[in-house]
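# Analysis of the macromolecular model
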Amino acid sequence: MSYFTYLPKVEYNITKSKYRETSTAVDIFVRNLIKQDVIDKGVLFDKHTIGDAERPDVTSFILYGSPQYDWIIFLANRMFDPYFDWPLSSNDFRKMIQSKYGSTSRAKKIVHCYRQIIQPAGDGIKAIKLDIDLETYNSLTSSERERITKYDMEFERNEKYRTIKVIDKQYVEGIFKEAQQRYGGS
């Protein structure tokens, strides 16, 4: 994965020894390659839905014709952990649920939270929901409330990573060259 290739290196005292023994590490806190205001305003972006079991390098190839731009996808989407900021495949999701909760059926029975539906979703209208306690939940009608299970919560968390911002292809090579000039790399 080329995600870290173009980021600068720093000397870091991992062992915290008094002799200042350092190791070379990638400075993962560099985030200024793509300015945040550009990302927030969505200028020059399209959207892409990540397919099941689609890896970052595959997404880069699909979008830009090369796997070497996966790190640009991460930066554009403020993804800093390539393992946990990327959606799990359905198979890996199932394994994670089983590992955490024992089984899918058990995860679907354990209540994570209760929500009051303030405004239901509609044509172009986003739903507004509020976390509530059990007593309030029980006082509402079925159309005004919902129960969120551990499975639902984990599924929502995983799916929020599935739709990503994609920088227009015409700008990617320029970002790539700027990274090479600014931080070095091959």
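It should be noted that the structure appears before, not after, this text.
Residues numbered from 1 in each chain as written. Predicted model: local features only at pLDDT ≥ 70, side-chain atom pairs only at ≥ 80, totals over all residues. Heavy atoms only, no water.

Ordered by their spatial adjacency, 3 strands build an open sheet running 5-4-6, and the pairing between neighbours is antiparallel. The sheet terminates laterally at strand 5 (128-132) and strand 6 (145-149), the two strands that pair on one side only. Neighbour-to-neighbour, the strand axes of this sheet turn through a mean angle of 35 degrees, independent of strand direction. In this structure, strand 4 (residues 111-119) lies alongside strand 6, joined through 5 bridges in antiparallel fashion. The residue of strand 6 that forms the bridge with Val111 is Thr149. (Pairing = 2+ DSSP bridges. Helix = DSSP H or I, 4+ residues; strand = E, 2+ residues; numbered from the N terminus. Axes fitted to C-alpha atoms, helices over the stretch in contact; angles between N-to-C directions.)

Let us now look at the packing of aromatic side chains. This model, assessed by the stated rule, comprises 6 aromatic pairs. Geometrically, the ring pair formed by Tyr64 and Tyr69 is edge-to-face, given 6.0 Å between the ring centres and 90 degrees between the ring planes. A residue is classified by how much of its surface remains accessible, and Tyr64, at 8% relative accessible area, is buried. Taking the relative accessible area as the measure of exposure, Tyr69 reaches 6% and is therefore buried. A ring pair is formed by Tyr114 and Tyr137, whose centres lie 4.5 Å apart and whose planes are at 40 degrees; its orientation type is tilted. With Tyr114 in strand 4 and Tyr137 in helix 6 (residues 134-139), this residue pair connects regions lying 23 residues apart in the sequence. The structure contains a cluster of three or more aromatic residues connected by ring pairs, namely Phe93, Tyr151 and Phe155. Looking at Lys108, its charged tip hangs above the ring of Tyr151, at a distance of 4.7 Å from the centre. Over the aromatic face of Phe45 sits the side chain of Lys165, whose NZ or CZ is 5.7 Å from the ring centroid. (Phe/Tyr/Trp six-rings, centres within 6.5 Å; stacked < 30°, edge-to-face > 60°. Buried < 20%, exposed > 50% of the residue type's maximum accessible area, 1.4 Å probe, protein only. Lys NZ or Arg CZ within 6 Å of the ring centre and 35° of its normal.)

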